[in-house]
Amino acid sequence: MSKLFKKTLIVVVLLFGLVSGSISILSGWSLHQVMTKEFEVKGQSLARIIADASITPLLNNQPATLQSMIDEYLGIVGVSHITTRWRPNPNAKGTVCSRSALSRPQAQLSRPCG
């Protein structure tokens, strides 16, 4: 093999490695951004749905009803845990009303929600 061919081969291999590495990093970063946004939107949508649908169980102090509503959403791909909190105002930390991992919500609640 001639010296010129070796140098050309080395340059081509290095350029190929640089380009393919750059494309891999860019694709991974782009995929991460899209997946993160998808899960954020899914979480916000679930929060709105649960908040709109759970007014009656919260006001009537029915944590079992709220728990069953939450358990229905666990079948959605990407949803592994849901926690609901009662916050009387936006600045309050809130009281946990129900969690998807609990089997008996009434036994775990320190005080009624609402």
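Placed above this text is the structure.
Here the structure is a predicted model, which means the values were calculated and not measured.

Restricting attention to buried positions, one finds in helix α3 (residues 63-72) the residues Pro63, Leu66, Gln67, Met69 and Ile70. For α3, the angular spread of the buried residues around the axis is 160°, confining them to a single face.

Counting residues in each nonpolar core, the largest one holds seven residues, listed as Leu46, Ile50, Leu66, Met69, Ile70, Val79 and Ile82. Of all the elements in the fold, those that place two or more residues in this core are α1 (3-53) and α3. Among the elements that make up this core, the one with the highest residue count is α3 (three residues). If near-sequence neighbours (up to four positions away) are discounted, Ile50 is found in contact with Ile70, Tyr73, Ile82 and Thr84.

Moving on to a nonpolar patch on the surface. On the surface, Met1, Phe5, Leu9 and Val13 cluster together into a nonpolar patch covering about 440 Å² of accessible area. Examined against the element boundaries, Met1 turns out to sit in the segment before α1.

Procedures and definitions
- Along each chain, residues carry numbers from 1 onward, in the same order as the chain's sequence is written.
- Note on the predicted model: pLDDT of at least 70 is required for a residue's local features to be given, and 80 or more for side-chain atom pairs to be given and counted; whole-chain, interface and lining totals, by contrast, use all residues.
- Each side-chain value is worked out from all heavy atoms of the structure, with water and hydrogens disregarded.
- Burial here depends on accessible area, computed with a 1.4 Å probe over protein chains only, as a share of the maximum for the residue type. Under 20% is buried, over 50% is exposed, and the range in between is partly exposed.
- Where helices and strands are cited, they refer to DSSP runs of H or I of at least four residues and of E of at least two residues respectively, numbered from the N terminus.
- Taking the helix axis as origin, the arc is that swept by the directions to the C-beta atoms.
- Residues belong to a common nonpolar core when they are buried Ala, Val, Leu, Ile, Met, Phe, Trp, Tyr or Cys residues joined through side-chain atoms within 4.5 Å.
- Two residues qualify as a contact provided that any one of their heavy atoms is within 4.5 Å of a heavy atom in the partner residue.
- Patch membership needs two things, relative accessible area over 30% and no salt bridge, and members are linked within 9 Å if like-charged or within 5 Å if nonpolar (Val, Leu, Ile, Met, Phe, Trp, Tyr).
- The method behind every accessible area is Shrake-Rupley, applied with a 1.4 Å probe, and residues are considered shielded solely by the protein chains displayed.
- Criterion for a salt bridge: a side-chain nitrogen of Lys or Arg within 4 Å of a carboxyl oxygen of Asp or Glu.

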